Amino acid sequence: MAVEVRIPTVFRRFTEGSGAVEVQPGTVGTLFEQLETRYPDLRGQVRTADGQLHRFVNVYVNDEDARYLEKLETKVTEGDTVSILPSVAGGQG
Amino acid sequence: MSDAGAAEGPAETLVLPADITDEMIEHCKAGRPNEACGILASRNGNIVKVFRMTNATLSPLRYSLDPKEQFAVYSAIEDHGWELGAVFHSHTHTEAYPSPTDVRLASENVPYLIVSLADDPPSVRAFRIVKANWTDAEGAIQEVSVSVLR
């Protein structure tokens, strides 16, 4: 069993339209490396050029925010679900 | 031909059931004096559910979804086999048109509905914010026609 990564609408143009992608277990960081290898245009979208999570992106491992776990070092095992969420915000002023 | 295209109206229509529209507007009114926000879920392209959400910014001028609540709503949408249909928020004192802040912070590739409480009754319009890169501060505003089924 692999790890399922849920892709938000904003990044699906980089994943050939897929809303869910399967990768191999590891850490959140290695998971993004796998995604970026498979979908090179995703590079720089979820992570910044220096490899950190973009500040407008939240990543959940199962039900937990990865920022409050071990961030990119958070372990991801078989059967886990990882969700990428862009922050949603705006306003009139 | 491209010049003629620029003068045309919205190429996309978002159909909203009346009860969902009313619930969305009610949530926006209840949120005053702050902006209110939420998510509409769709099934096979049809809007089926309003998620009334918390404005984590608690501001009359700005909104942001609470990340944990956003995760819960996205998970519920996934569990039901629905899709993210639209994002909505209110403008308490300005027209239902994307502000520079709305454009700068737009992220999801779905229509953004704006409910203007400056109008009585409130007006509802929808837009897509098209950016070359989602982190760009600027983007093109494309109006999406809103059709309320009453």
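Structural data are supplied above this passage.
Presented here is an overview of the structure given in this document. (Residues numbered from 1 in each chain as written. Chains lettered and ligands numbered in written order. Predicted model: local features only at pLDDT ≥ 70, side-chain atom pairs only at ≥ 80, totals over all residues. Heavy atoms only, no water.)

**Observations regarding the sheet that holds strand 2 (residues 20-23) of chain A**
Backbone hydrogen bonds hold the strands of a sheet together, and the pairing may be parallel or antiparallel. All names here are of chain A. Spatially, the five strands line up as an open sheet ordered 2-1-7-4-5, and their pairing is mixed. Looking along the sheet, the strands with just one partner apiece sit at the ends: strand 2 and strand 5 (64-65). Pairing of strand 1 (residues 3-6) with strand 2 involves four bridges; the strand directions are antiparallel. Across the sheet, residue Arg-6 finds its bridge partner in strand 2, namely Ala-20. (Pairing = 2+ DSSP bridges. Helix = DSSP H or I, 4+ residues; strand = E, 2+ residues; numbered from the N terminus.)

**Quick word on the side chain of Asp-80 of chain A**
Residue and element names in this part refer to chain A. Here Asp-80 is to be found in the loop between strand 6 (75-76) and strand 7 (81-86). A polar side-chain atom of Asp-80 sits 2.8 Å from the main-chain amide nitrogen of Thr-77. In this structure, Asp-80 is in contact with Ala-2, Val-3, Glu-4, Val-61, Asn-62 and Lys-75, ignoring residues within four places of it in sequence. (Polar contact = N/O pair within 3.5 Å; in protein donor to acceptor, adjacent residues only side chain to side chain. Contact = heavy atoms within 4.5 Å.)

**Observations regarding the packing of aromatic side chains**
Within this structure, the stated rule accounts for four aromatic pairs over all chains. On the numbers, 5.4 Å between centres and 85° between planes, the contact of Phe-11 of chain A with Trp-134 of chain B is edge-to-face. Taken together, the residues Phe-11 of chain A in the loop between strand 1 and strand 2 and Trp-134 of chain B in the loop between strand 7 (123-130) and strand 8 (140-149) connect one chain to another. Considering the side-chain rings of Tyr-60 of chain A and Phe-71 of chain B, the 4.1 Å spacing of their centres and the 5° angle between planes classify their relative orientation as stacked. Of the two residues, Tyr-60 of chain A sits in strand 4 (residues 57-61) while Phe-71 of chain B sits in helix 3 (residues 67-80), which places them in two different chains. Residue Phe-71 of chain B is classed as buried on the basis of its relative accessible area, which comes to 8%. We note Lys-49 of chain B situated over the ring of Phe-51 of chain B; from NZ or CZ to the ring centre the distance is 5.5 Å. (Phe/Tyr/Trp six-rings, centres within 6.5 Å; stacked < 30°, edge-to-face > 60°. Buried < 20%, exposed > 50% of the residue type's maximum accessible area, 1.4 Å probe, protein only. Lys NZ or Arg CZ within 6 Å of the ring centre and 35° of its normal.)

**Side note on the sheet that holds strand 6 (residues 112-116) of chain B**
Residue and element names in this part refer to chain B. What the seven strands build is an open sheet, ordered 1-8-7-6-5-2-3; its pairing is mixed. The open sheet has two edge strands with one neighbour each: strand 1 (13-17) and strand 3 (46-53). For this sheet the average axis-to-axis angle between neighbouring strands, irrespective of direction, equals 30°. As paired strands, strand 1 and strand 8 are joined by five bridges and run parallel to one another. Looking at strand 8, one finds that Thr-13 is bridged to Ser-145. Taken strand by strand, helix 2 (residues 18-30) contacts strand 1, strand 2 (37-43), strand 3, strand 5 (83-91), strand 6, strand 7 and strand 8, and its axis lies near 15° from that of strand 3. (Axes fitted to C-alpha atoms, helices over the stretch in contact; angles between N-to-C directions.)

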